[in-house]
Amino acid sequence: MANYLDFEKPLAEIEGKAEELRAMARENPGMDVEAEAKALDKKADALLKDLYAKLSPWRKCQVARHPERPHCKDYIEALFTEYTPLAGDRNFADDHAVMGGLARFNDEPVMVIGHEKGHDTTSRIDRNFGMARPEGYRKAVRLMDMADRFGLPVVTLIDTPGAYPGKGAEERGQSEAIARSTEKCLQIGVPLVTVVIGEGGSGGAVAFATANRVAMLEHSVYSVISPEGCASILWKDAEKMREAAEALRLTAQDLYQLGVCDRIIREPKGGAHRDREAVLTSVGEAIATMLKELGGAKRGELVQARRAKYLNMGAKGLAA
């Protein structure tokens, strides 16, 4: 593992020692260290299981932001075929923080849209760390319109800290663009399913996630504001992010209880970044199930059910 989170430091030490032993054995073929290395592996496995069995909301935020976690581009490449990217909002520019286009899922045509954070320094800068500008949301509206016109289900993949708050974005109508995208989600007469694969930050996430079905990965988060932002406002201290994360009820488990999330997708032990293939498969199965659930619904039924879902949101689990 190239990246360990701060609460994984004890795990890093154990796994590091096991790797050191194996490196020594590779340099000295006569040295037999496999028994000791396997004992360390066993200890690391038990520690990993223990750490992830009781993650606090703040630690879940850290896992959701892990740089090695699969991103939108990874899911599209693994789960969709014949992907044809569509660019631009036909008005200002193409926002690389939002990717989307026509594709096939299980050999059926769909429209897929998602936030892309990038995987290294160059791509993260190009993708603006997954923070969409107004043209990104306007591109999404254009793609949802196209899907509605041709009767294609829409699949959205959410992974953003929030919409980009820069001066230029505000000047070009950031809040209006987010509102239009949210409105379009409510209007289209085709199945709309969403998976929160990492961070679901504020209106920047809601603009794609106002769906008939919302699934969340086990260690993903979805909230109106980041814990750091909430702490800065309420306590005037960003270091209070742990308390803010607890209060926000932003975990998949909390949101399932509150009726915001419809299903939780299990992650491999240690998080999605430790077994990418397994989590890609699980997300694909969840998308297939959600689309199947909506397959027979008529246009009016889909729109009405989506509307009712969001009007009733918050009525469930408030006493929990």
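The structure under discussion appears in the preceding block.
The model shown is predicted, which means the values in this text are computed figures rather than measured ones.

1. Here's the deal with the environment of Tyr310
- With respect to the element layout, Tyr310 can be found in helix 14 (residues 299-311).
- Judged by its relative accessible area of 22%, Tyr310 is partly exposed.
- Along the backbone, Tyr310 and Asn212 are 98 residues apart, and their C-alpha atoms lie at a distance of 9.3 Å.
- Excluding anything up to four places from it in sequence, Tyr310 contacts Ala209, Thr210, Ala211 and Val214.

2. Focus: the pattern of salt bridges
- One pass over the structure, following the stated rule, counts 24 salt bridges.
- Here Arg266 makes a salt bridge to Glu218, at a shortest N to O gap of 3.5 Å. With a gap of 48 residues between them, Arg266 in the loop between strand 8 (263-265) and helix 13 (276-294) and Glu218 in the loop between strand 6 (213-217) and strand 7 (221-223) connect regions that are remote in the sequence.
- Among the charged side chains, a network of salt bridges with common partners joins Arg65, Lys117, Asp159, Glu199 and Glu228.

3. Points about the packing of helix 4 (residues 72-79) against helix 13
- Where helix 4 meets helix 13, the axes come as close as 10 Å, and the angle between the chain directions of the two elements is 70°. Relative to helix 13, the element helix 4 lies roughly perpendicular. On helix 13, the residues that touch Asp74, Tyr75, Ala78 and Leu79 of helix 4 are Arg276, Val279, Leu280, Val283, Gly284 and Ile287.

4. Focus on the pairing of strand 3 (residues 108-115)
- Of all 8 residues in strand 3, 6 are buried, a share of seventy percent or more.
- In sequence, strand 2 (residues 98-105) turns back onto strand 3 through a hairpin of 2 residues, with Asn106 there showing a positive phi of about 50°.
- In this sheet, strand 4 (residues 154-160) lies alongside strand 3 in parallel orientation, the contact comprising 4 bridges. Across the sheet, residue Met111 finds its bridge partner in strand 4, namely Val154.

5. A few points about a negative patch on the surface
- A grouping of Asp237, Glu239, Glu243 and Glu246 is seen on the molecular surface, where their side chains present a negatively charged patch.
- Asp237 gets classed as partly exposed once you look at its relative accessible area, which sits at 31%.

6. A few points about the side chain of His115
- Inspection of the secondary structure assignment puts His115 in strand 3.
- A distance of 3.1 Å separates the side chain of His115 from the backbone oxygen of Gly204, its partner in a polar contact.
- Those residues in contact with His115 that sit more than four places away from it in its chain are Cys72, Ala97, Gly130, Tyr137, Leu157, Ile158, Asp159, Thr160, Gly204, Ala205 and Phe208.

7. Quick notes on the packing of aromatic side chains
- The full count for this structure, using the stated rule, is 3 aromatic pairs.
- Relative to Tyr52, the ring of Phe7 lies with its centre 5.9 Å away and its plane at 55°, an arrangement referred to as tilted. In this pair, Phe7 is assigned in the segment before helix 1 (9-27) and Tyr52 in helix 2 (residues 34-53), connecting sequence segments 45 residues apart.
- Residue class for Tyr52 comes out buried when judged on its relative accessible area of 9%.
- Between the NZ or CZ atom of Arg133 and the centre of the ring of Tyr164, over which it lies, the distance is 4.8 Å.
- Above the plane of the ring of Tyr310 lies Lys309, whose end atom (NZ or CZ) is 5.9 Å from the centre.

8. Examining helix 3 (residues 57-64)
- Here helix 3 lies mainly inside the structure; 7 of its 8 residues are buried.
- Those residues of helix 3 lying buried are Pro57, Trp58, Lys60, Cys61, Gln62, Val63 and Ala64.

9. Examining the side chain of Asp159
- Among the structural elements, Asp159 can be located in strand 4.
- Accessibility expressed as a relative area gives 1% for Asp159, which makes it buried.
- Reaching out from Asp159, the side chain makes a polar contact with the side chain of Lys117 at a distance of 3.3 Å.
- At a separation of 3.0 Å, a polar atom in the side chain of Asp159 contacts the main-chain amide nitrogen of Glu199.

Criteria and thresholds
- Residues numbered from 1 in each chain as written.
- Predicted model: local features only at pLDDT ≥ 70, side-chain atom pairs only at ≥ 80, totals over all residues.
- Heavy atoms only, no water.
- Helix = DSSP H or I, 4+ residues; strand = E, 2+ residues; numbered from the N terminus.
- Buried < 20%, exposed > 50% of the residue type's maximum accessible area, 1.4 Å probe, protein only.
- Contact = heavy atoms within 4.5 Å.
- Salt bridge = Lys/Arg side-chain N within 4 Å of Asp/Glu carboxyl O.
- Axes fitted to C-alpha atoms, helices over the stretch in contact; angles between N-to-C directions.
- Parallel < 35°, antiparallel > 145°, perpendicular 65-115°, else oblique.
- Pairing = 2+ DSSP bridges.
- Patch = residues over 30% accessible without salt bridge, like charges linked within 9 Å, V, L, I, M, F, W, Y side chains within 5 Å.
- Areas by Shrake-Rupley, 256 points an atom, 1.4 Å probe, with all protein chains shown as cover.
- Lys, Arg positive; Asp, Glu negative; His and termini not counted.
- Charge placed at Lys NZ, Arg CZ, Asp CG, Glu CD.
- Polar contact = N/O pair within 3.5 Å; in protein donor to acceptor, adjacent residues only side chain to side chain.
- Phe/Tyr/Trp six-rings, centres within 6.5 Å; stacked < 30°, edge-to-face > 60°.
- Lys NZ or Arg CZ within 6 Å of the ring centre and 35° of its normal.

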